[in-house]
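One letter stands for each residue in the lines below.
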Amino acid sequence: MSNLWKALKRFYLFILPVRFSLLAIVVVALALLVADQGRDVMRALAEDRQTGWWLRILTLVIATNLMAYAIWFWSRHLLRYRPHAAVACDPTIGLVEQFPWWTKWLPRILGLLAFIIVIIAFPRAVGVTFRANVPALMWWIVAWLVVSAIVYWAFVVARRKIPFMAAAPQGMVTAWGSLDRTTRIVLGVSFLLEVALFLWALANPVSWWVLGVAAVLVLTIAVWIPLGSYLVAIGERYRVPILTFIVLWGVAISRCQFVDNHEVRTLGKVAQRKSLDEAFKDWHGRVSPRSAGREIPVIIVATEGGGIRAAYWTAAVMASLHDTVPGFSEHCFAISGVSGGSVGAAVYEALLVRRAEKSGVTTPMHSEARKVLEFDALSGTLAAMSQPDLLQRFVPLGFPDRAKALETGWEYGWRKAFDNENGGGDIMARPFVETMQKHPQLPLLLMNGALVESGDRIVTSNVVLHRNLHFRNAFDSLSRIQRDVRMSTGALLSARFPYVTPVGTLQAPGSGESRGRIADGGYYEVSGAATAEDLANFIWAKRAQGYNVRPFVILIDYRDVIDRKPEDARPFCPAPGECGPRWPSRLTYFATEVLSPVWALANARGARGEEAVGDLLQRMGDVQVAEFRLLPRYVPLPLGWVLSQRAQDSIDWSAACEGGNRTATHRIASLLGVTLPENWSNVTAEAARQKMNEYVPDGVPCGRNTRNPKPMCAGVGCDGQMSEGQGESR
């Protein structure tokens, strides 16, 4: 046992110099093989044939080759680099001689792993796409990568047969300066390439969208390998753990204010906002003349978080209702959004602004929403995160916040969708409150975040909420910073997706220490129902004061459990069962002593959202609630910031063709006195269905027979089965 332990320690010392390359492989594997977001990135690359698709594929192949050769090249040198081999009793003496096979083959295998990870990522992401056929483009990409891997392997194994490489030095190296000229040239070129990429990310990170997310990730790691390996070599020479010291330095200065470049982007002084009570009276004054004495429905929307999936789903549902049900937007009083749901709600409001300012718009709003949100804003965010924003953590020079890259990406996506048209090409970059006040007919927008220091809700809205009895446990972000923000910034104040976008710093004018940090609203609760319930209670109070109004709530959410056919017209059940949630189907096992508290805190967000929905449903009653539910029927719909074309098709189809969603649309139409034809169609959803029929073997239906549906079930599961625990006391 003693000899085995000594051998393991020797082998550890042997591979320690290649730790940066090993870390690079682990990061790529986790990003592309484990994370749902990474799988959708690969799926989007294999499915999409938008403008420049060939460039994104070519860049990924080149970046994968670059990473593989960089790992092989620098691992090979670092395994041979033993600067203290001549020192008596040094533990590294004889390592190269003791492990000759590993010295020769480990760098080659590590480089090959780079190809293997990217190759496997495609069939893992695309080949398990539920019921859809695998796109032919995926096989071409995989074939290209396989050929590249074969060429790589042939090169690293047989390179000595190449005349100008046959004389390259072999064996152990004791001084970095004694490395051959080729190695020094490669290091210099790598440094210049990194400087070029850094300057590009600093000047215009949004433009990285031309490369695509996968290529940005792999290229960034590939370029960092030579620089990281060089730092490891310096540490080996002076026996100093430089990488560890760099990390400790970053932690040590992280509490200093000059490191924080995540202060929220602001504009001029925020205009005087109306109170919630004043906004309601204005809304009632606009709507009541058309009510003819009837009870006026006050529509409140609660839309949950979930990255770009939630953003796209929210915009699709709201736009579909606008296109399908006359008067919907006028009766929509307020929207409560969380995270991605807030982004989708902001896009919907911006589309309403465009229609108000630009006459003659005849295109369906649903198709416009797709054009805006299909833009890849993540590539630029990753570029900013891995380049200037990363350096800011260690050398605080005032580099731009990576959150700005995402916000400007949304703004660019808007301009790109409408080709910089006059009167509509920059709405997402306009002042939020100022724009909303110019168009008082718009629904109120309440975008929920979480205050890091207290865990409370903090809401960004075009009306004043703080110190309102119904919002007594929520802060008002704009009251805090006292400045207006762009539409894109307001949405991101709710959508601070963990780690991709940083927690934002709120700074009150003239109070250097009066700071706070705003995180993603999903940390408080993910559904948006808590704020929606506050709004509903406010409307109930107005009803008690004599206003002839009644609140009606729309819930926009996502579930990954499919328990019905797409033609099933029964209403969805936002909170099925009256006796609490079902018991978890699986038990956690791994590292429970350490991870159980972490999992409990993480899962509490979703549980709090479910409870908020249940509380809202109990307050409203089944008749006054309609749910639009997104189900991953034909392709996966992971939580992330990139959506493939097929994912967009599936969401567009679901908004108007999923049976339960058609029922919800009929319910809202009936509420507003509108009679929809039995087989009404949505132009955008129908176009998506036609596309899906090309790659879904059995075709995709569009739900029928959705008029006069059965009432929503309460206390009984949607399939007519008693919920688990039914009849037991709480």
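Residues numbered from 1 in each chain as written. Predicted model: local features only at pLDDT ≥ 70, side-chain atom pairs only at ≥ 80, totals over all residues. Heavy atoms only, no water.

**Digging into the overall build of the protein chain**
How we decide: The helix and strand labels rest on DSSP assignments: H or I over at least four residues marks a helix, E over at least two residues marks a strand, and numbering proceeds from the N terminus. Burial here depends on accessible area, computed with a 1.4 Å probe over protein chains only, as a share of the maximum for the residue type. Under 20% is buried, over 50% is exposed, and the range in between is partly exposed. Any two residues whose heavy atoms approach within 4.5 Å at even a single point are treated as in contact.
A tally of regular secondary structure across the protein chain gives 27 helices and 11 strands. Split into buried and exposed, the 730 residues of the protein chain put 55% on the buried side. Counting only contacts in the protein chain whose residues sit at least 6 apart along the sequence, the fraction spanning at least 24 positions is 81%.

**Describing the state of the cysteines**
Spelled out, the test is: For this text, the term disulfide refers to a pair of cysteine sulfurs within 2.5 Å.
For the structure shown, the criterion picks out 1 disulfide. Disulfide pairing is shown between C657 and C702; the S-S distance is 2.1 Å. An S-S torsion of about -80° defines the bridge between C657 and C702 as left-handed. Placement of C657 in helix α25 (residues 645-657) and of C702 in the segment after α27 (683-695) is noted, with a sequence separation of 45 residues between them. Side by side, C657 and C702 carry an identical accessibility label, which is buried.

**Some points on the packing of helix α13 (residues 307-324) against helix α16 (residues 365-373)**
Rules: Between N-to-C directions, angles cover 0 to 180 degrees, with each direction set by a line fitted to C-alpha atoms, over the stretch in contact for helices. What sets the label is the angle itself: under 35 degrees gives roughly parallel, over 145 gives roughly antiparallel, 65 to 115 gives roughly perpendicular, and the rest give oblique. We call a crossing left-handed when the near helix sits turned anticlockwise from the far one by less than a right angle, and right-handed when that turn is clockwise. Gly is placed with the polar residues, together with every amino acid not listed as nonpolar (Ala, Val, Leu, Ile, Met, Phe, Trp, Tyr, Cys and Pro) or charged (Asp, Glu, Lys and Arg).
The N-to-C vectors of α13 and α16 enclose an angle of 160°; their axes lie 7 Å apart at closest approach. Classified by the angle their axes make, α13 and α16 are roughly antiparallel. Once α13 is placed against α16, the crossing between them reads as right-handed. Two secondary-structure elements touch here, α13 through I308, A311, Y312, A315, A316, A319, S320, H322 and D323 and α16 through M365, H366, A369, R370 and L373. Within the contact of α13 with α16, the residues separate by chemical class into 9 nonpolar, 3 polar and 2 charged.

**Focus on the environment of I119**
With respect to the helices and strands, I119 occurs in helix α6 (residues 100-126). I119 gets classed as buried once you look at its relative accessible area, which sits at 16%. Separated by 26 residues in the primary sequence, I119 and L145 have C-alpha atoms spaced 6.5 Å apart. Beyond its immediate stretch of four places on either side in the chain, I119 contacts V142, L145 and V146.

**Observations regarding helix α15 (residues 340-357)**
Given 3.6 residues per turn, any residue in an α-helix points the same way as the ones three and four places further on. Stated precisely, the cut-off is as follows: Here, expected helix span is obtained from the residue count minus one, scaled by 1.5 Å.
When the terminal C-alpha atoms of α15 are compared, their 26 Å separation across 18 residues agrees well with the 26 Å that a helix rising 1.5 Å per residue should span. Within α15, 16 of the 18 residues are buried, which leaves the element mostly enclosed by the surrounding structure.

**Remarks on the side chain of R80**
In this fold, R80 is placed in helix α4 (residues 53-80). Overall, R80 belongs to the buried group, its relative accessible area being 7%.

**What about helix α24 (residues 592-620)?**
Rules: Bend, in this description, refers to the angle at a residue between axes fitted to the seven residues ending there and the seven starting there.
Here α24 spans 40 Å end to end across 29 residues, near enough to the 42 Å set by a 1.5 Å rise per residue. Taken as a whole, α24 carries its principal kink of about 30° at A604. Residues G609, A612, V613, L616, L617 and M620 constitute the buried set of α24.

**Quick look at the environment of R10**
If you trace the backbone, R10 turns up in helix α1 (residues 2-15). Along the backbone, R10 and I93 are 83 residues apart, and their C-alpha atoms lie at a distance of 9.9 Å. In contact with R10, other than residues within four places in its own chain, are P91, I93, G94, L95, Q98 and F99.

**Notes on the pairing of strand β10 (residues 549-558)**
Moving residue by residue along a regular strand, the side chains alternate between the two faces of the sheet. As a reminder, the rule being used: The pairing criterion for strands is at least two bridges between them, as found by DSSP.
Of all 10 residues in β10, 9 are buried, a share of seventy percent or more. The pairing of strand β2 (residues 296-303) with β10 spans 8 bridges and is parallel. In the strand pairing of β10, V298 is matched with P551. Two elements, β10 and strand β11 (residues 625-630), share 6 bridges in a ladder whose sense is parallel. The residue of β11 that forms the bridge with I556 is F628.

**As for the nonpolar core**
Our working definition: We define the nonpolar core as a collection of buried residues of types Ala, Val, Leu, Ile, Met, Phe, Trp, Tyr and Cys that are connected through side-chain atoms lying within 4.5 Å of one another.
M42, F122, F328, I554 and I668 are the most contacted members of the largest nonpolar core, which totals 163 residues. Tallying contributions element by element places α4 first for this core, with 13 residues. Excluding residues that lie within four positions of it along the chain, I668 makes contacts with I299, L321, F328, F552, I554, A626 and F628. One finds A279, W283, I296 and A530 within the second-largest nonpolar core, a separate group that totals 35 residues.

**So, the pairing of strand β9 (residues 515-520)**
Relative to β9, strand β4 (residues 444-451) is paired through 3 bridges, and the arrangement is antiparallel. Bridge pairing in β9 links L451 to I518. Pairing of strand β8 (residues 504-507) with β9 involves 4 bridges; the strand directions are antiparallel. Counterpart to T505 in the pairing with β9 is R517.

**Examining the confidence of the model for the protein chain**
For the record, the criterion: Confidence of the predictor in every single residue is expressed as pLDDT, which spans 0 to 100.
Of the residues in the protein chain, 88% have a pLDDT of 70 or more, and the chain-wide mean is 85. Within the model, pLDDT remains below 50 along residues 705-730, and this stretch shows 58 contacts once partners closer than five positions in the same chain are excluded.

**Considering unusual backbone geometry**
Although it is not a glycine, R239 adopts a positive phi angle of roughly 55°. Here R239 is to be found in the loop between α10 (213-238) and α11 (242-253). Residue R239 is classed as partly exposed on the basis of its relative accessible area, which comes to 49%. A positive phi angle, close to 55°, is found at S339, a residue other than glycine.

**Remarks on a nonpolar patch on the surface**
So the rule is basically this: Excluding any residue in a salt bridge, patches collect residues exceeding 30% relative accessible area, merging like charges within 9 Å and nonpolar Val, Leu, Ile, Met, Phe, Trp and Tyr side chains within 5 Å. Using the Shrake-Rupley algorithm and a 1.4 Å probe, accessible areas are obtained, with residue cover drawn only from the displayed protein chains. Within this document, salt bridges are pairs made up of a side-chain nitrogen of Lys or Arg and a carboxyl oxygen of Asp or Glu, the two lying within 4 Å of each other.
A contiguous nonpolar surface patch, about 500 Å² in accessible area, is contributed by W101, W102, I109, L113, I116 and I120. Position of W102 relative to the elements: it lies in helix α6. A relative accessible area of 34% means that W102 is categorised as partly exposed.

**Here's the deal with the pattern of salt bridges**
Counted by the stated rule, this structure contains 28 salt bridges. Ionic pairing is found between R265 and E407, a salt bridge with its closest N-O pair at 2.8 Å. Here R265 is found in the loop between α11 and β1 (274-275), whereas its partner E407 is found in helix α19 (residues 402-417), with 142 residues between them in sequence. Per residue, the accessibility class of R265 equals that of E407, and both read buried. Across the pair R354 and E368 runs a salt bridge, and its minimum N-O distance is 2.7 Å. With R354 in helix α15 and E368 in helix α16, this residue pair connects regions lying 14 residues apart in the sequence. There is no split in this pair, since R354 and E368 are both buried. Salt bridges sharing common partners tie together E304, D557, R559 and E610.

**Quick look at the packing of aromatic side chains**
Selection rule: For Phe, Tyr and Trp, rings pair up if their centres lie within 6.5 Å, where Trp contributes its six-membered ring, and each pair is then called stacked (planes under 30 degrees apart), edge-to-face (over 60) or tilted (otherwise).
Scanning all chains against the criterion turns up 24 aromatic pairs. Residues W283 and F333 carry aromatic rings whose centres are separated by 5.7 Å and whose planes lie at 70° to one another, so their mutual orientation is edge-to-face. Taken together, the residues W283 in helix α12 (residues 276-287) and F333 in strand β3 (residues 332-338) connect sequence positions 50 residues apart. Here the two residues W283 and F333 agree in accessibility, since each one is buried.

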